[in-house]
Amino acid sequence: MNFRLWVAAILLICSVPYCYAQDTYEVSYKAGPVFKIVSPRIKIESDYVSIPNEGNEIGYQFGLFAKIRVNNVYVQPEVLIANIQNRIDFLNYNGINGFNPSADFEFTTLEIPVSIGVNIGNLRLDTGPGFSFMLSGDEYFLSKKIDVTQDYNHMTLLWRIGLGVDLNYLLLDFKYEFGLSKTEESLSRLINRELVPRQSQLVFSIAYSVLRD
């Protein structure tokens, strides 16, 4: 288990005493729309491809959230539609020195994250899994558009660690997400070599509670 999973486990363990520290249980809920800005980080260690400075584009997610809180412990599931774009440069493509064409990728996914956390006043600490389902993927390379949906796993598992703050009807969150399974099977179709990028992302979200007790 790596350091990030240890942190996630510690957050879960620390939340348990808050749930049992009181003899009575106070239950509350919130629900409403949520919008997120995503800053992905792709890492590739290869002599054949590289990530340009503009390769990690800003993406977005939007959807609905629900938060159920028992005393200071809460569970917050979400259903989101996400869109993100990436760029990869292929170095000396097809053995031609200095020929470094770029491939642009655009993905649309269904995201279902579930956060488990603890409230400390208006502050929140949480962690939990996220399930990402591929809806569509397009590649733009050498003036061609190719549907690459089938080249990617239809479902990938993420883990999230974050903190947030409640401001009346607003919920602000900042999270770090990283993959627990492969996003892409391979770039072998383009470079004839097995190569799987590693991706993580920073996420800022703002949610508005339309329904609340």
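For the structure itself, look to the data block above.
Please read all numbers here as calculations on a predicted model, not as lab measurements.

Can you help me understand the layout of surface pockets in this one?
Of the volumes computed, that of the second largest pocket is approximately 170 Å³. Lining the second largest pocket we find Ser 28, Tyr 29, Lys 30, Lys 67, Arg 69, Asn 119, Gly 121, Asn 122, Asp 166, Arg 212 and Asp 213. Put simply, the parts of the chain that give the lining of the second largest pocket at least two residues each are β1 (27-43) and β3 (59-70). The biggest single contributor to the lining of the second largest pocket is β1, with 3 residues. Here the residues of the lining of the second largest pocket sort into 1 nonpolar, 4 polar and 6 charged.

Even after reading the chapter, I still don't get the environment of Glu 139, so can you show me in this structure?
Looking at where Glu 139 falls in the secondary structure, it is placed in strand β6 (residues 123-141). The exposure class of Glu 139 is buried, given its relative accessible area of 1%. Once the C-alpha coordinates of Glu 139 and Thr 149 are considered, the two residues, 10 residues apart in sequence, prove to be 9.3 Å apart.

Which parts of the structure should I look at to understand the pairing of strand β4 (residues 73-90)?
Two faces belong to every sheet, and in a regular strand the side chains alternate between them. Pairing between strand β2 (residues 49-50) and β4: 2 bridges, direction antiparallel. When the sheet's bridge partners are listed, Val 49 is paired in β4 with Phe 90. Pairing analysis gives 9 bridges linking β3 to β4, with the strands arranged antiparallel. Residue Arg 69 lies in a different strand from β4, and its bridge partner there is Tyr 74. If you look at the hairpin formed by β3 and β4, you'll find 2 residues sitting between the two strands, and Asn 71 has a positive phi there, around 55°. In this sheet, strand β5 (residues 102-120) lies alongside β4 in antiparallel orientation, the contact comprising 15 bridges. Bridge pairing in β5 links Ile 84 to Phe 107.

What's the story with the nonpolar core in this structure? I'm lost.
Nonpolar side chains tend to gather and get buried jointly when the protein is soluble and globular. Of all hydrophobic cores here, the largest spans 14 residues; its most connected members are Ile 88, Phe 90, Ala 103, Phe 105, Phe 107, Phe 141 and Tyr 152. In terms of nonpolar packing, the next biggest core, distinct from the first, is built from 5 residues, Val 34, Phe 65, Leu 171 and Ala 207 among them.

What am I meant to see in unusual backbone geometry here?
Glycine aside, residues mostly have negative phi, and peptide bonds are mostly found in the trans state. Here the phi dihedral of Asn 94 falls at roughly 60°; this positive angle occurs in a residue that is not glycine. Overall, Asn 94 belongs to the exposed group, its relative accessible area being 64%. Unusually for a residue other than glycine, Leu 142 sits at a positive phi of about 50°. In this fold, Leu 142 is placed in the loop between β6 and β7 (144-147).

I tried to follow empty space enclosed by the protein on my own but got confused; where do I start?
Rolling a probe over the atoms, with the probe sized like a water molecule, indicates the empty space that remains. Within the structure shown, the criterion is met by 3 cavities of 30 Å³ or more. Contributing to the lining of the second largest cavity are Gln 61, Leu 80, Glu 111, Pro 113, Gly 130, Leu 158, Arg 160 and Glu 177. Secondary-structure elements contributing two or more residues to the lining of the second largest cavity are β5 and β8 (155-167). For the lining of the second largest cavity, a count of residues per class yields 3 nonpolar, 2 polar and 3 charged.

I would appreciate a short explanation of the environment of Ile 112 in the present structure.
By the secondary structure assignment, Ile 112 is in strand β5. Sequence separation between Ile 112 and Glu 78 is 34 residues, and the spatial gap between their C-alpha atoms is 5.6 Å. Once residues within four sequence positions are removed from consideration, Ile 112 is found in contact with Glu 78, Pro 129, Gly 130, Phe 131 and Phe 133.

Please explain the side chain of Lys 175 as it appears in this structure.
Structurally, Lys 175 is set in strand β9 (residues 170-179). A polar side-chain atom of Lys 175 sits 2.6 Å from a polar atom in the side chain of Asp 126. With residues up to four places along the chain from it excluded, the contact list for Lys 175 reads Ser 115, Asp 126, Arg 160, Ile 161, Gly 162, Gln 201, Leu 202 and Val 203.

Which parts of the structure should I look at to understand the pattern of salt bridges?
Once their charged atoms are close, side chains differing in charge can pair, the charge on each being opposite to the other. Under the criterion given, the structure shown has 9 salt bridges. In this structure, Lys 36 engages Glu 78 in a salt bridge whose closest nitrogen and oxygen atoms are separated by 2.6 Å. Note that Lys 36 is positioned in strand β1 and Glu 78 in strand β4, a separation of 42 residues in sequence. Overall, the relative accessible area of 4% leaves Glu 78 in the buried class. Linking Arg 87 and Asp 104 is a salt bridge whose minimum nitrogen-to-oxygen distance equals 2.6 Å. Pair noted here: Arg 87 is in strand β4 and Asp 104 is in strand β5, with a separation of 17 residues, a long-range link. Of the residues examined, Arg 87 reaches a relative accessible area of 25% and is grouped as partly exposed. One connected set of salt bridges, linked through shared partners, spans Lys 30, Lys 67, Arg 124, Asp 126, Asp 166, Asp 173 and Lys 175.

Calculation notes
Residues numbered from 1 in each chain as written. Predicted model: local features only at pLDDT ≥ 70, side-chain atom pairs only at ≥ 80, totals over all residues. Heavy atoms only, no water. 1 Å grid on protein atoms, 1.4 Å probe; cavity = no way out; pocket = protein on both sides within 12 Å on 5 of 7 lines; lining within 4 Å. Points joined across faces, edges and corners; volume = space filled by probe spheres on them. Helix = DSSP H or I, 4+ residues; strand = E, 2+ residues; numbered from the N terminus. Nonpolar A, V, L, I, M, F, W, Y, C, P; charged D, E, K, R; others polar. Buried < 20%, exposed > 50% of the residue type's maximum accessible area, 1.4 Å probe, protein only. Pairing = 2+ DSSP bridges. Core = buried A, V, L, I, M, F, W, Y, C linked by side-chain atoms within 4.5 Å. Contact = heavy atoms within 4.5 Å. Polar contact = N/O pair within 3.5 Å; in protein donor to acceptor, adjacent residues only side chain to side chain. Salt bridge = Lys/Arg side-chain N within 4 Å of Asp/Glu carboxyl O.

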